[in-house]
Amino acid sequence: MSVNTIGAEMRSKSADSTSTLPGVLPDVNPITGPAIDLYEDGYNDPVYQAKARILNRAIQDIGMGRYQWYLFVVTGFGWFADSVWPLLSGLILTPVVNEFHFNGPFLSLASNIGLLVGAVFWGLGCDIWGRRWSFNVTLFIAGIFGLASGGAPSFVALASLIAMVGVGVGGNLPVDSAVFLDFVPGSHQYLLTVLSIWWCLGQLLSSLIAWPLIANYSCASASDCTKSDNMGWRYLLLTLGGITLFLWVVRFFIFTLLESPRFLSGIGRDADAIEIIHKLAKFNGTTSPITLEELEAPDRAVSGGGSSSGESHKILSKSSKYDAKHIKALFATPKMAWSTSLLIAIWGVIGLASTLYNNFLPYLLSSRGAVFGDGSLYITYRNQVILSVIGVPAALLAGWAVELPYIGRRGTLAIASGLTGAFLFATTTAQTSNQLLGWNCGYVFFSNIMYGVLYAISPEIFPAKDRGTGNGLTSTASRVFGVLAPIIALYANLATAVPVYIAGALVIFAGSLALLLPYEPRGKVSI
């Protein structure tokens, strides 16, 4: 039975409850127009698609209210952490190498291994045991181990603790993007792109804190560098660990996350999904007419009666285990398989290019600056702050661009990627430190647009019941290549421009792949 047939039966039974204005069809919102979902041409699970449409209409009718704006803040903490901690291995690299005397890329390698584990575990896990546990635990892990890393007595201890921080941080974006998209009305899905402003704020805050601490409390060189003379990087870790732990406290004790209604419906808990919708409406100061009978209508249309709402699915029950069904669902049709494969490839290619370049940006600025005669820690971290400020307007521009007709998500991603690669090439022409800073400003601006769209388009395309898994797969691709980047750096000559040429070419290639994506989320509602 097709999803249209199921939807027709459901609409015939609930027209009065789903239409708020006379003459307005249930599938048409008086403000946003037709409720067209991303899989309008068919989906391999028509019952789930019909239920998702019902829940989407209910959330759209409730509107963008207090709960969603609070969620914009607390999910933003995940973007914040994903920016702060991977960037940190670059911020503390010079003083840590001076004190512990190790090969710099090994610290980045430890961080990326942790991020890889976190992406796999939390991404796939939130489709098994739900969003709430993953959402509440990831920041706690990052904060605790971040604090502990500030007291590391050796490089091995520091690398191990930074890896554990990565296990927590690696799960933030796969989980948080799924959480936000599960509750935001279709008319406001573009805000998922704007959430990257938290990523920019994370860069800015960590750079602002690092600037005085690293510049004033670090050894001048590797010779005779003692702990007491090199406390800056420890103060930085302790500060950022404390901030991360505070953000977890806000998430866990002040904000109460509701479980995803689409996740609950996807595992047969329709009654619980309806309860969540009514709680959401109450929190926003309104009501929702949606009923359990309406949500169960697609099941009855297929089975001729009965429902699945009585099925139990407890946290960490026998059914809470990893299997391949969520992965297979992302490749269920040729179109979905092509889309998922392209997204994984795009994330992987950009992950390789950007991690190789970004992780050693402070080192690159310092080494090039030293050649130009102004490679002091003060100038290096001043430049890092300037670059971080550039990203804030980029996030806002990205949110505007993805809604432009004929451009949308795919066009914005392709254009931003192409310009990011171009500015990477341009950095190799710098003759002075200020010229290098100028080219890097362009690179950072467009790369923040690129990442903002990339972080949004992937969860928008994946169906909610498999969204965590899809986000986990794409993040894993990025983290795998992130692990390879410092290994490459161990054997590459960083004094040449070759790695920059390679990174620029890879980013441009990733942008061209974006144009091949078969789904364009602009104007469509995710299911």
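Residues numbered from 1 in each chain as written. Predicted model: local features only at pLDDT ≥ 70, side-chain atom pairs only at ≥ 80, totals over all residues. Heavy atoms only, no water.

### Considerations on the overall build of the protein chain
Stage number 1. Secondary structure assignment for the protein chain yields 22 helices and 2 strands.
Stage number 2. In the protein chain, which comprises 527 residues, the share counted as buried stands at 60%.
Stage number 3. Summarising the internal contacts of the protein chain: among those between residues at least 6 apart in sequence, 83% fall at separations of at least 24.
Stage number 4. When the accessible surface of the protein chain is totalled, it reaches about 19500 Å², and 66% of it is carbon and sulfur. (Helix = DSSP H or I, 4+ residues; strand = E, 2+ residues; numbered from the N terminus. Buried < 20%, exposed > 50% of the residue type's maximum accessible area, 1.4 Å probe, protein only. Contact = heavy atoms within 4.5 Å. Areas by Shrake-Rupley, 256 points an atom, 1.4 Å probe, with all protein chains shown as cover.)

### A closer look at helix α4 (residues 93-100)
Stage number 1. Extensive coverage of α4 is indicated by the burial of 6 of its 8 residues.
Stage number 2. Buried residues of α4: Leu93, Pro95, Val96, Asn98, Glu99 and Phe100, and no others.
Stage number 3. Among the residues trailing α4, His101 stands out with phi positive, at a value near 55°.

### Let's talk about the packing of aromatic side chains
Stage number 1. Taken as a whole and assessed by the stated rule, the structure comprises 23 aromatic pairs.
Stage number 2. Measuring from centroid to centroid gives 5.6 Å for Trp248 and Phe253, while their planes differ by 80°, and the two rings are edge-to-face.
Stage number 3. The ring of Phe283 carries Arg66 above its face, with NZ or CZ at 4.4 Å from the centroid.
Stage number 4. Here the guanidinium or amino end of Lys465 rests over the ring plane of Tyr48, the centre of that ring lying 5.8 Å away. (Phe/Tyr/Trp six-rings, centres within 6.5 Å; stacked < 30°, edge-to-face > 60°. Lys NZ or Arg CZ within 6 Å of the ring centre and 35° of its normal.)

### Describing a nonpolar patch on the surface
Stage number 1. On the surface, Val480, Phe481, Leu484, Ile487, Ile488 and Tyr491 cluster together into a nonpolar patch covering about 530 Å² of accessible area.
Stage number 2. Among the structural elements, Tyr491 can be located in helix α21 (residues 467-491). (Patch = residues over 30% accessible without salt bridge, like charges linked within 9 Å, V, L, I, M, F, W, Y side chains within 5 Å. Salt bridge = Lys/Arg side-chain N within 4 Å of Asp/Glu carboxyl O.)

### Overview of the confidence of the model for the protein chain
Stage number 1. Per-residue confidence for the protein chain averages 81 on the pLDDT scale, and 83% of its residues sit at or above 70.
Stage number 2. Low pLDDT, under 50, characterises residues 1-34; the stretch is placed with 47 contacts to residues that sit more than four places away or in other chains.
Stage number 3. In this model residues 307-320 is a low-confidence stretch, pLDDT under 50, and it forms 28 contacts with partners more than four residues away in sequence or in other chains. (pLDDT = per-residue confidence, 0-100.)

### Topic: the side chain of Ser458
Stage number 1. Note that Ser458 resides in helix α20 (residues 433-461).
Stage number 2. Classification of Ser458 as buried rests on a relative accessible area of 0%.
Stage number 3. Within the structure, the side chain of Ser458 is placed 3.3 Å from the backbone oxygen of Leu454, a separation counted as a polar contact.
Stage number 4. Contact partners of Ser458, with chain neighbours within four places excluded, come to Leu343, Trp347 and Asn471. (Polar contact = N/O pair within 3.5 Å; in protein donor to acceptor, adjacent residues only side chain to side chain.)

### So, the state of the cysteines
Stage number 1. Taken as a whole, this structure holds 1 disulfide when the rule is applied.
Stage number 2. Across the disulfide from Cys219 sits Cys225; the S-S distance is 2.1 Å. When the S-S torsion is 90°, as for the bridge of Cys219 with Cys225, the disulfide is right-handed.
Stage number 3. By relative accessible area, Cys225 is classed as buried at 10%. (Disulfide = S-S within 2.5 Å.)

### A word on the nonpolar core
Stage number 1. Counting residues in hydrophobic clusters, the biggest one holds 134 residues, and the most contacted among them are Leu71, Trp85, Leu158 and Leu236.
Stage number 2. It is α20 that contributes the most residues to this core, 14 residues altogether.
Stage number 3. Discounting residues that sit within four places of it in the chain, Trp85 has contacts with Ala142, Gly146, Val165, Val169, Leu237, Leu240, Gly241 and Thr244. (Core = buried A, V, L, I, M, F, W, Y, C linked by side-chain atoms within 4.5 Å.)

### Section: the side chain of Asn136
Stage number 1. The topology assignment puts Asn136 in helix α6 (residues 131-149).
Stage number 2. Setting aside chain neighbours within four positions, we find Asn136 in contact with Trp248, Arg251 and Phe252.

### A closer look at the packing of helix α8 (residues 172-183) against α21
Stage number 1. One can describe the packing of α8 onto α21 by two numbers: an axis separation of 9 Å at closest approach and a directional angle of 145°. Here α8 and α21 pass one another in a crossing that is right-handed. Between α8, through Pro174, Ser177, Ala178, Leu181 and Asp182, and α21, the contact on the second element is made entirely by Arg467, Asn471, Gly472 and Ser475.
Stage number 2. Tallied by class, the residues present in the contact of α8 with α21 amount to 3 nonpolar, 4 polar and 2 charged. (Axes fitted to C-alpha atoms, helices over the stretch in contact; angles between N-to-C directions. Left-handed = near helix turned anticlockwise from the far one by under 90°. Nonpolar A, V, L, I, M, F, W, Y, C, P; charged D, E, K, R; others polar.)

### Quick word on the pattern of salt bridges
Stage number 1. By the definition in use, this model includes 16 salt bridges.
Stage number 2. Of the charged contacts, one joins Asp127 and Arg131 as a salt bridge, the two residues approaching to 2.8 Å between their closest N and O atoms. Arg131 shares its class with Asp127; the two are buried.
Stage number 3. Between Arg262 and Asp182 there is a salt bridge, and its shortest N-O distance comes to 3.9 Å. Placement of Arg262 in helix α12 (residues 261-266) and of Asp182 in helix α8 is noted, with a sequence separation of 80 residues between them. Taken as a pair, Arg262 and Asp182 share a single burial class, namely buried.
Stage number 4. Among the charged side chains, a network of salt bridges with common partners joins Asp127, Arg131, Asp182, Arg262 and Arg467.

### Topic: unusual backbone geometry
Negative phi values dominate among residues other than glycine, just as trans dominates among peptide bonds.
Stage number 1. Positive phi, normally seen in glycine, also occurs at His101, with a value near 55°.
Stage number 2. Mapped onto the elements, His101 comes out in the loop between α4 and α5 (105-125).
Stage number 3. In this model, Tyr406 sits at a positive phi of 70°, which is unusual for a non-glycine residue.
Stage number 4. Its location among the elements puts Tyr406 in the loop between α18 (377-401) and α19 (408-427).
Stage number 5. By relative accessible area, which is 87% here, Tyr406 ends up exposed.

### Brief notes about the environment of Ile128
Stage number 1. Mapped onto the secondary structure, Ile128 falls in the loop between α5 and α6.
Stage number 2. Judged by relative accessible area, Ile128 falls into the buried class, the value being 6%.
Stage number 3. The spacing of Ile128 and Phe263 is 135 residues in sequence and 9.3 Å in space, taken between C-alpha atoms.

### Details of the environment of Cys441
Stage number 1. Residue placement: Cys441 occurs in helix α20.
Stage number 2. Linking Cys441 and Ile386, residues 55 residues apart in sequence, is a C-alpha distance of 7.9 Å.
Stage number 3. Filtering out sequence-adjacent residues up to four positions away, Cys441 remains in contact with Ile386, Leu387 and Ile390.

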